[in-house]
Amino acid sequence: MPNPIRTRDHRIDMLRGIALVMIFINHIPETAWEHFTSRNFGFSDAAEGFVLMSGMAAGLAYGAVYLRGTPTLAEVLRPWRRAVTLWWVHCIIIFSVLAMFLLLIDQPGIHSMAYDRNILFAVEDPAKLSIGMAFLGHHFAYADILPLYIVLMLAAPLLLFACARWPRRALAGSILLWLCVGVVKLKMPTWPTDYGWSFNPMAWQLLFVAGILTGYGLRQGRRFLPVNRLALQLAIGYLVFALIWTKVPVVADWGGHALWLLYEYAGVPSLFTAFDKCFVSVPRLLHILALAYVLSVLPVVKAMSAHPWATPFCLLGRNSLPVFAVGSVLAYVGQLTKALQPPSALLDAALIISGLAVLFLVAHLREKQRLPKAAQFAGAPRAA
């Protein structure tokens, strides 16, 4: 029987916390602050990392019963209960955002913002769109990642079981599904509009499954992917290549043209030649996996996560759902404020700093609330 981990791996908490900070900053666009987030230094961004780490947390939080035998019905339903929680939090976010736009829709610039973010339909007919939003059929931009988590948590019992029994087959099946969905461009439907999900669960499940397998390895005191010198060199090389691509315009121009030629004249599917976030295209997938592998190998990351300076970020990571929910609403407050005010670096700084302060406060208060209950259990990270 696998030996469950006894202590919490603070690396996951710290990195999830840093990802939440970057997501918040990226969700208030057109500020100088967004130039320092991870998406400016490679092909992937904080969203890919967060989904991967959520899979790790799911493997740690729910995986013990699947690794030791057949779980009970109550144990199987735990991820579904989490999915219900995610659903009502998603409803709170979208209806809070809708209320803000209903109040401000007559202000200059807000109407076009509502259109750009798929909110105008809901403003014009809130009753009709409420049905689509409540049943995940209509998504607002910058508030469209929780539906992905809901679907992943609904699928979690099957994924957890498969990864525990047949880890290599589960990974192979996950890769095959990602490949087929990306090649044929199979979209998750939306209603009443037909633009498809921005985060396609049938593609993003690959990162979640990779995270589950990694979490299982951590729970068993081993690595799912062992440390290999050549693999580490290749991963570092790819990260450096992606950094040069994003920072040197001539490299990006030549590289982009080469990918276009492969797509246009060689018939290579766009899954391999584009940077499509919806389907987690190959450049993005390889980048986040390479980054995760390198970070998992470096001893300094573990040392940093145990340092007192990392405590605020660990707090964010441990309380990711309330932090993400409040951050999503505050990001829209920031977007609306910027739309109603003249451009100002001082305003941007005030919005980002005050927003982050609120998020750290939310994490601190939530930690105090959950501490008595958490003390009863050995601290495995909670699934997002």
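Look above for the structure.
About the thresholds
What you see as residue numbers is a count from 1 along each chain, following the sequence as written. Residue-level local features of this predicted model are given only where pLDDT is at least 70; pairs of side-chain atoms are given and counted only at 80 or more, and the full residue set underlies all totals for whole chains, interfaces and linings. Here the side-chain values reflect all heavy atoms present in the structure, with hydrogen atoms and water set aside. The secondary structure listing takes helices from DSSP runs of H or I that are at least 4 residues long and strands from runs of E that are at least 2 residues long, numbered from the N terminus. Think of it in three bands: residues with accessible area under 20% of the maximum for their type are buried, residues over 50% are exposed, and the middle band is partly exposed, with areas taken using a 1.4 Å probe on protein chains only. A 3.5 Å cut-off defines polar contacts: any pair of N or O atoms within that distance qualifies, except that in protein one atom must be a possible hydrogen donor and the other a possible acceptor, and neighbouring residues in sequence count only when both atoms are side-chain atoms. Whether two residues are in contact is decided by their heavy atoms: any pair within 4.5 Å suffices. For a helix, the expected span equals 1.5 Å multiplied by the residue count minus one. Within this document, salt bridges are pairs made up of a side-chain nitrogen of Lys or Arg and a carboxyl oxygen of Asp or Glu, the two lying within 4 Å of each other. Residues belong to a common nonpolar core when they are buried Ala, Val, Leu, Ile, Met, Phe, Trp, Tyr or Cys residues joined through side-chain atoms within 4.5 Å.

## Observations concerning the side chain of Thr273
Of note, Thr273 is situated in helix α13 (residues 270-273). Take Thr273: its relative accessible area is 10%, and that puts it in the buried class. In terms of polar contacts, Thr273 uses its side chain to reach the backbone carbonyl oxygen of Pro269, at 3.4 Å. Among residues more than four places away in sequence, those in contact with Thr273 are Leu259, Leu262, Tyr263 and Val268.

## A word on helix α10 (residues 201-219)
Along its 19 residues, α10 runs 25 Å from first to last C-alpha, staying within 8% of the 27 Å computed at 1.5 Å per residue. Burial analysis of α10 places 16 of its 19 residues in the buried class, the great majority of the element. In this structure Asn200 caps α10, since a side-chain oxygen of it lies 2.9 Å from the backbone nitrogen of Met202. Downstream of α10 by a residue or two, Gly221 has a phi angle that is positive, lying close to 75°.

## Quick look at the pattern of salt bridges
Evaluated as defined, the whole model comprises nine salt bridges. Arg68 is paired through a salt bridge with Glu75; the nearest N and O atoms lie 3.4 Å apart. In this structure Arg68 comes out as partly exposed when scored by relative accessible area, which is 49%. A relative accessible area of 21% places Glu75 in the partly exposed class. When salt bridges that share partners are traced, they join Asp45, Glu48, Lys277 and Arg284 into one network.

## Brief notes about the nonpolar core
Among the nonpolar cores identified, the biggest contains 96 residues, and Phe101, Phe140, Trp204, Phe208 and Tyr332 are the most heavily contacted of them. No other element matches the 14 residues that helix α2 (residues 46-68) contributes to this core. Other than its neighbours up to four places away in sequence, Phe101 contacts Ile110, Met113, Ala114, Ile119, Val123, Tyr332 and Leu336. Membership of the second largest hydrophobic core comes to 12 residues, among which are Tyr238, Leu239, Ala242 and Trp245.

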